[in-house]
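Listed here are the chains, written in short residue letters.
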Amino acid sequence: MKKSILIYDDEADILMVCKIILEKNNFTVETRSFCDNIIKDISNVKPDIILMDLWIPSMGGENAIKLMKNNTATMHIPVILFSANAHVAVIAERVNANGFLLKPFDIPVFLETIKNTLTEKKL
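In strand β5 (residues 99-102), alternate side chains face the same way, and those of G99 and L101 are buried while those of F100 and L102 on the opposite face are not. Strand direction decides the pairing type here: strand β4 (residues 79-83) and β5, joined by four bridges, are parallel. Paired with L81 across the strands is F100, a residue of β5. Considered for its hand, the β-α-β crossover made up of β4, helix α4 (residues 88-94) and β5 is right-handed.

Listed below in structure tokens is the structure:
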């Protein structure tokens, strides 16, 4: 069964590229350009993993991750924070994200980070 990924980013090009790469690697992908309805989105999509942009309107990725990590129905879903912010690793740790990617990212590193995070979830 294909793993499901929910991606949040306000840049349409990033969403399109990520979706193409992931679908070619046997993932099911849903995308959103804002995260104000993150709990409802998660309930509808039931993702195995979430990729969250840090600077997404209007709530922001940091607040969205905090919201989902403080909700018992969604806290178990791994999240990878991705951003061009040089401090993304520190922010990811602060919000209890399961990993991070610095934009621009290398495609093999992108895929490896997702696959490793999904594998760690099973442990």
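On we go.
For the rest of this paragraph, the subject is the confidence of the model for the protein. On average, residues of the protein score 94 in pLDDT, and 98% of them are at 70 or above. Across the protein, strand β1 (residues 3-8) holds the top mean pLDDT of 98, while helix α5 (residues 107-122) sits lowest at 89.

Applying the stated criterion to the full structure yields seven salt bridges. Across the pair E62 and R94 runs a salt bridge whose closest N-O atoms are separated by 2.9 Å. Taken as a pair, E62 in helix α3 (residues 61-69) and R94 in helix α4 lie far apart in primary sequence, 32 residues in all. Assessed through its relative accessible area of 51%, R94 is described here as exposed.

Take the environment of A92 next. Relative to the helices and strands, A92 resides in helix α4. Looking at A92, the relative accessible area reads 3%, which means it is buried. Residue contacts for A92: discarding those within four places in its chain leaves L81, A97, G99 and F100.

So, about a nonpolar patch on the surface. Taken together, the side chains of M16, V17 and I20 define a hydrophobic patch exposed on the protein surface, amounting to about 260 Å² of accessible area. Note on I20: relative accessible area 41%, which makes it partly exposed.

Rules of the game
Residues numbered from 1 in each chain as written. Predicted model: local features only at pLDDT ≥ 70, side-chain atom pairs only at ≥ 80, totals over all residues. Heavy atoms only, no water. Buried < 20%, exposed > 50% of the residue type's maximum accessible area, 1.4 Å probe, protein only. Helix = DSSP H or I, 4+ residues; strand = E, 2+ residues; numbered from the N terminus. Pairing = 2+ DSSP bridges. Right-handed = clockwise from strand over helix to strand, strands pointing away. pLDDT = per-residue confidence, 0-100. Salt bridge = Lys/Arg side-chain N within 4 Å of Asp/Glu carboxyl O. Contact = heavy atoms within 4.5 Å. Patch = residues over 30% accessible without salt bridge, like charges linked within 9 Å, V, L, I, M, F, W, Y side chains within 5 Å. Areas by Shrake-Rupley, 256 points an atom, 1.4 Å probe, with all protein chains shown as cover.

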